[in-house]
Amino acid sequence: MTDGPVVAVCGEAYREVAPELARFQVTATARERDREATLTRLAERAAAVRVLLDEHAAALDRRETGDLRVRPETNRPGERVVGYHGSVTTGVIVTDFTVLAELMLRLADQEQVELAGPWWSLRPDSPARREARHAVVRARFTISDPVLP
């Protein structure tokens, strides 16, 4: 808590600015009858994704491997395992948009790889984001507003 007064502002400001970040997710999958074969195939496909991302490392702000899933597939009536399905997802944040399309197309060209995105955003410390917050305050509180001296 602060000793002085606190002002909470709720509102909106619309600014049209160029994005600073592009985010996307790349998911490698594998399906085999044997669990070990599924894991081996999944590791190979995840390694191929890593190699492509390494080639474009200078254009990346961050990449994070997230969900790793391996699940049995069953024959419903008898619940007998008939195979295994695995996936591993990596979140990628790109700052150099000149290579974004090429990178995504090369990733999409990989066997059993799924892409989602891109989603555009600003950096958390972006001047454009700060200006939008200030615009909300200016729109909400004017000189004639009795709350402000």
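What counts and what doesn't
Residues numbered from 1 in each chain as written. Predicted model: local features only at pLDDT ≥ 70, side-chain atom pairs only at ≥ 80, totals over all residues. Heavy atoms only, no water. Phe/Tyr/Trp six-rings, centres within 6.5 Å; stacked < 30°, edge-to-face > 60°. Helix = DSSP H or I, 4+ residues; strand = E, 2+ residues; numbered from the N terminus. Buried < 20%, exposed > 50% of the residue type's maximum accessible area, 1.4 Å probe, protein only. Arc of directions from axis to C-beta. Contact = heavy atoms within 4.5 Å. Core = buried A, V, L, I, M, F, W, Y, C linked by side-chain atoms within 4.5 Å.

Trainee: Even after reading the chapter, I still don't get the packing of aromatic side chains, so can you show me in this structure?
Mentor: Each aromatic ring pair is specified by the distance between its two centres and by the angle formed by the two planes. In the structure shown here, the tally under the stated rule is 1 aromatic pair. Where F97 meets W120, the ring centres are 5.2 Å apart and the plane angle is 85°; that geometry is what we call edge-to-face. You can see F97 sitting in the loop between β3 (80-94) and α2 (100-108) and its partner W120 sitting in strand β4 (residues 113-121), a full 23 residues away along the chain. Taking relative accessible area as the criterion, F97 reaches 31% and is therefore assigned partly exposed. For W120, a relative accessible area of 47% corresponds to the partly exposed category.

Trainee: I'm lost on α2 in this one. Help?
Mentor: Turn by turn, an α-helix covers 3.6 residues, leaving residues three or four places apart pointing in a common direction. When we look at burial in α2, the residues that qualify are L100, L103, M104 and L107. Down the axis of α2, the smallest arc covering the buried residues is 95°, so these residues share one side. Away from the buried face of α2 by more than 90 degrees, exposed residues A101 and L105 are located.

Trainee: Sorry if this is basic, but what is going on with the environment of A30 here?
Mentor: The residue A30 is located in strand β1 (residues 21-32) in this model. For the pair A30 and V70, spaced 40 residues apart in sequence, the C-alpha to C-alpha distance is 9.1 Å. Residues contacting A30, with those up to four places away along its chain left out, are T38, R41, L42, R45, Y84, H85 and G86.

Trainee: For this particular structure, what's the right way to read the nonpolar core?
Mentor: The nonpolar side chains of a soluble globular protein tend to be buried with one another. Counting 19 residues, the largest nonpolar core has F24, V26, L53, V92, V94, L103 and L107 as its most contacted members. When neighbours within four sequence positions are excluded, L53 is seen to be in contact with L60, R63, T90, V92, L103 and L107.

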